[in-house]
Amino acid sequence: KNQVEQSPQSLIILEGKNCTLQCNYTVSPFSNLRWYKQDTGRGPVSLTIMTFSENTKSNGRYTATLDADTKQSSLHITASQLSDSASYICVVSFATSGTYKYIFGTGTRLKVLA
Amino acid sequence: EAGVTQFPSHSVIEKGQTVTLRCDPISGHDNLYWYRRVMGKEIKFLLHFVKESKQDESGMPNNRFLAERTGGTYSTLKVQPAELEDSGVYFCASSLKGGSQETQYFGPGTRLLVL
C-alpha cells in the first residue's frame, strides 16, 4: 500500500535552534518527493522537490535530503525563526496509467518559541 | 500576480443541503487540482483538470460530488446532498504544466462543516 509517514507528529523548539523532520514512504514506483510548508489557515506552499537522482536540495534555511534506497527523506531547518511555526507536509508522487498520483503525509506541526 | 483563490472561505450547512465551492486558478495555469483534508487525516487528491477536461477523477469519493471547469478557467465543486463525513477543508491547486515536477500552487482552502 502506498503510504507516507512523518515523524514526529509535533515538535516544539526554541528560536535559533535547528531541527530535523522525518518522512518515510512506501510509494512505488517513485517519481518525486516534495516538502510543503502550511501556515495555519493557508494552503501548502512548496519548499523543495526532489527526484530519484537527487539526494539533497536547499531552499534558504531549509535543506531536504532523500535516500531513495531506504525510502526516507528529512527536512532540516537551520537557525529556526518564529515564522517557521507551521505544519510541514511530505508528499510523494508516483506515475500510474498515464497520470501522476500524490500521496500526502499527515504532517509535522512545528512550534518555534521565543 | 494573483494566487489561487477559493470561495467561500468557510461554509456551514445542514446534512442534505447542497454546497458549491469555487476555485480560481492562477491565470494561464491549465492544470487544476482539487484536494480534501478530513479532520485528523492527510490531504487526499480528488481530481485533476487539464483545461476543461477531467484528466483524473479517481479520488472523487462518490457521485454526490460533481466538479466542473467550463471554459477551462475557474472550477466549481458541488456536493449534493452533503453528508456529515463531507466536512473538511477543500483545497484547490493549479500548475502551469501537469508533470510531476511542476510546482502546484495551493489556494487557502474552503472549510466545510456539515451539521
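A. How the structure looks around the overall build of chain B. When its secondary structure is counted, chain B shows zero helices and 11 strands. Counted from the first residue to the last, chain B has its helices and strands arranged as β-β-β-β-β-β-β-β-β-β-β. The C-alpha radius of gyration computed for chain B amounts to 13 Å, which stays within 12% of the reference 13 Å derived for 115 residues, consistent with globular compactness. With the C-alpha coordinates of chain B rotated into their principal frame, the extents come out at 35 × 25 × 25 Å. For chain B, the proportion of its 115 residues judged to be buried stands at 46%.

B. Up close: the environment of Gly 107 of chain A. All names here are of chain A. Structurally, Gly 107 can be placed in the loop between β10 (99-104) and β11 (108-113). Residue Gly 107 is classed as buried on the basis of its relative accessible area, which comes to 4%. Sequence separation between Gly 107 and Val 27 is 80 residues, and the spatial gap between their C-alpha atoms is 16 Å. Excluding anything up to four places from it in sequence, Gly 107 contacts Gln 6, Pro 8, Gln 9, Tyr 88 and Ile 89.

C. Spatial organisation of the interface of chain A and chain B. On the side of chain B, 22 residues touch chain A, which itself brings 22 residues to the contact. Both faces combined, the contact of chain A with chain B buries some 1700 Å², and carbon together with sulfur accounts for 50% of it. Joining chain A to chain B, the criterion identifies one salt bridge. A salt bridge links Asp 56 of chain B to Lys 101 of chain A, with the shortest nitrogen-to-oxygen separation between them at 2.7 Å. Seen at the junction of chain A and chain B, the total is five residue pairs in polar contact (both at pLDDT 80 or more). Among the elements of the structure, β4 (30-38), β5 (45-51), β9 (86-96) and β10 of chain A are those that each provide at least two residues to the side of chain A that touches chain B. Grouping the constituent residues of the side of chain A that touches chain B by class yields seven nonpolar, 12 polar and three charged.

D. Geometry of the sheet that holds strand β1 (residues 5-7) of chain B. Residues and elements named next belong to chain B. Reading across from one edge, β1-β3-β8-β7 is the order of the four strands in this open sheet, with antiparallel pairing throughout. Unpaired on one side and paired on the other, β1 and β7 (65-68) mark the two borders of the sheet. Averaged over neighbouring strand pairs, the angle between their axes works out to 15° when direction is ignored. Bridge count for strand β3 (residues 19-24) against strand β8 (residues 75-79) is five bridges, and the pairing is antiparallel. Paired with Val 19 across the strands is Val 79, a residue of β8.

E. Inspection of the side chain of Gln 104 of chain B at higher detail. Note that Gln 104 of chain B resides in the loop between β9 (88-95) and β10 (105-106). In this structure Gln 104 of chain B comes out as buried when scored by relative accessible area, which is 2%. One polar contact links Gln 104 of chain B to Tyr 35 of chain B, side chain to side chain, over a distance of 2.7 Å. The residues touching Gln 104 of chain B, leaving out its near neighbours within four places in the chain, are Arg 34, Tyr 36 and Tyr 102 of chain A together with Tyr 33, Tyr 35, Ala 93, Ser 94 and Ser 95 of chain B.

F. Unusual backbone geometry, seen in detail. At the junction of Ser 7 of chain A and Pro 8 of chain A, the peptide bond is cis and its omega measures out at -10° in the coordinates. Inspection of the secondary structure assignment puts Pro 8 of chain A in the loop between β1 (4-7) and β2 (10-14). Of note, the amide linkage connecting Gln 80 of chain B to Pro 81 of chain B takes the cis form, showing an omega dihedral of -10°. Inspection of the secondary structure assignment puts Pro 81 of chain B in the loop between β8 and β9. Unusually for a residue other than glycine, Lys 71 of chain A sits at a positive phi of about 60°.

Analysis parameters
Residues numbered from 1 in each chain as written. Chains lettered and ligands numbered in written order. Predicted model: local features only at pLDDT ≥ 70, side-chain atom pairs only at ≥ 80, totals over all residues. Heavy atoms only, no water. Helix = DSSP H or I, 4+ residues; strand = E, 2+ residues; numbered from the N terminus. Rg over C-alpha atoms; globule rule 2.2 N^0.38 Å. Buried < 20%, exposed > 50% of the residue type's maximum accessible area, 1.4 Å probe, protein only. Contact = heavy atoms within 4.5 Å. Buried area = accessible area lost by both parts, 1.4 Å probe. Salt bridge = Lys/Arg side-chain N within 4 Å of Asp/Glu carboxyl O. Polar contact = N/O pair within 3.5 Å; in protein donor to acceptor, adjacent residues only side chain to side chain. Nonpolar A, V, L, I, M, F, W, Y, C, P; charged D, E, K, R; others polar. Pairing = 2+ DSSP bridges. Axes fitted to C-alpha atoms, helices over the stretch in contact; angles between N-to-C directions.

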